[in-house]
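Tertiary structure, described
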Amino acid sequence: MGDAAQQSRSARAAYFAALPWGQILEDAAQLSAVCRHDGQLADYIPALARVAPDQFGIAVATLDGSIHSVEDCATRFSIQSISKVFLLSLAYRSYGESLWERVRQAPSTNPFNSLIELELERGIPRNPFLNPGALVVTDALLSRHTHLESAMVALLRELAGSAGINYDSEVFNSELRCASRHFAAAHLMQSHGNFSNVVSEVVRAYCASCAIEASCVELARAGLFLANGGRAIEGGRQLLSAHEAQRVCALMLTTGTYEYSGMTAFAIGLPTKSGVGGGVLAILPGRGSICIWSPRLDARGNSVRAMKALELISNAAGLSLFA
Ligand code: GLU
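Structure report, in brief. (Residues numbered from 1 in each chain as written. Predicted model: local features only at pLDDT ≥ 70, side-chain atom pairs only at ≥ 80, totals over all residues. Heavy atoms only, no water.)

**Some words on the side chain of Ser-89**
In this fold, Ser-89 is placed in helix H3 (residues 83–95). Every residue in contact with Ser-89, bar those within four places of it in the chain, is listed here: Phe-225, Leu-239, Leu-240 and Val-248. (Helix = DSSP H or I, 4+ residues; strand = E, 2+ residues; numbered from the N terminus. Contact = heavy atoms within 4.5 Å.)

In structure tokens:
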């Protein structure tokens, strides 16, 4: 990067860090409260239906290491599909561009657990943030990691600088007991020759990743490496190249909130990944990251209040990539 580009990047990061976060987050919490009772808990995983539904927290992490947060920002919740960002990052690091022979980079208008495209498109999932895509990524990782479940927890702990992150075994067992669609997707991909490991082991590792618990503060910190050209803030490890981090962000923007991704680009303008635990992680390349959590979901599986709050913050602070 040239000197001028580096200077403008540093200026952007400094501007972001100096925003009046206390006020911005208070306003977002207050204004998003109008939809605090909208949406439903993810009851297809029974353990998630037992979460107290009105919780809400926000954490913003800046590249200088500061955290700004409100409300239930330190309460751990089930990260669910937000884990797909970290699974993808581990696999991309391990396989490089050859990963894309097994999973594509295209958006989908079908739900995250749909099998329709998978059969029509010969067992190659559209993208790594759909369940079949994340299963194929997990399969690839299992070929290289004997203890993938511990590797995932270790990665989150390292990136968040928090030794307390762990699995919730109740959520893990709850999802595994109703994982028929995961098995169906994996077997379908296996029948098309796009699967290497024992299906049940891959499904277990996938459900374990989804069952990791972390707070908004921890996830905002963990996501910072993507805002920082692939380099971890905690410890400084270069997890992905800057080019790879850029591509993970592009996928988050175009596919990270499922069928809503086009609207996310339009209304929020940030690479964003949601999970059915109600968490939403947004990356601001060169600036920082934001994690918001509130458990009630819309029909697509995105948290109603978290997405509303993210939209309010993005618009109030002019954070869209396109601003
Ligand atoms: N574990 C969930 C599932 O596979 C993740 C879905 C999500 O968070 O979007 O159904």
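**A closer look at unusual backbone geometry**
You will see that Gln-80, though not glycine, has its phi angle at about 45°, which is positive. Residue position: Gln-80 is located in the loop between strand E3 (77–78) and H3. For Gln-80, a relative accessible area of 2% corresponds to the buried category. (Buried < 20%, exposed > 50% of the residue type's maximum accessible area, 1.4 Å probe, protein only.)

**Details of the packing of aromatic side chains**
Evaluated as defined, the whole model comprises 6 aromatic pairs. When the ring of Phe-112 is compared with that of Tyr-258, the centres are 5.0 Å apart and the planes differ by 40°; the resulting orientation is tilted. A residue pair is termed long-range when its members are at least 10 positions apart, and Phe-112 in the loop between H3 and helix H4 (116–120) and Tyr-258 in the loop between helix H11 (242–255) and helix H12 (261–267) qualify at 146 residues. Feature note: the residues Tyr-44, Phe-112 and Tyr-258 constitute an aromatic cluster, connected by ring pairs. Between Arg-144 and the ring centre of Tyr-95, over which it is positioned, the NZ or CZ distance is 3.8 Å. (Phe/Tyr/Trp six-rings, centres within 6.5 Å; stacked < 30°, edge-to-face > 60°. Lys NZ or Arg CZ within 6 Å of the ring centre and 35° of its normal.)

**A closer look at the environment of Ala-18**
Positionally, Ala-18 belongs in the loop between helix H1 (3–17) and helix H2 (21–32). Judged by relative accessible area, Ala-18 falls into the exposed class, the value being 63%. Taking the C-alpha atoms as reference points, Ala-18 and Thr-62, separated by 44 residues in sequence, lie 9.4 Å from one another.

**Re the pairing of strand E7 (residues 279–284)**
Burial runs high along E7: 6 of the 6 residues are buried. Residues Gly-279, Leu-281 and Ile-283 of E7 are buried on one face, and the alternating residues Val-280, Ala-282 and Leu-284, pointing to the opposite face, are buried as well. As paired strands, strand E6 (residues 272–274) and E7 are joined by 3 bridges and run antiparallel to one another. Pairing of Lys-273 across the sheet is with Leu-281, part of E7. Connecting E6 to the antiparallel partner E7 that follows it, the hairpin turn spans 4 residues, and Gly-278 within it adopts a positive phi of roughly 100°. Pairing analysis gives 6 bridges linking E7 to strand E8 (residues 288–293), with the strands arranged antiparallel. Bridge assignment links Ile-283 to a residue of E8, and that residue is Ser-289. In textbook terms, the turn of a hairpin is the stretch between consecutive antiparallel strands, and for E7 and E8 this stretch comprises 3 residues, one of which, Gly-286, has a positive phi near 75°. (Pairing = 2+ DSSP bridges.)

**Quick look at the pattern of salt bridges**
Throughout the structure, instances matching the rule amount to 11 salt bridges. For the salt bridge of Asp-139 with Arg-102, the shortest nitrogen-to-oxygen distance reads 2.6 Å. One end of the pair, Asp-139, is in helix H5 (residues 131–142); the other, Arg-102, is in the loop between H3 and H4, and 37 residues separate them in sequence. For Glu-234, the salt bridge goes to Arg-221, with nearest N and O atoms at 4.0 Å. One end of the pair, Glu-234, is in the loop between helix H10 (216–227) and H11; the other, Arg-221, is in helix H10, with 13 residues separating them in the sequence. What makes Arg-221 partly exposed here is its relative accessible area of 27%. Through salt bridges with shared partners, one network takes in Arg-104, Glu-117, Glu-121 and Arg-126. (Salt bridge = Lys/Arg side-chain N within 4 Å of Asp/Glu carboxyl O.)

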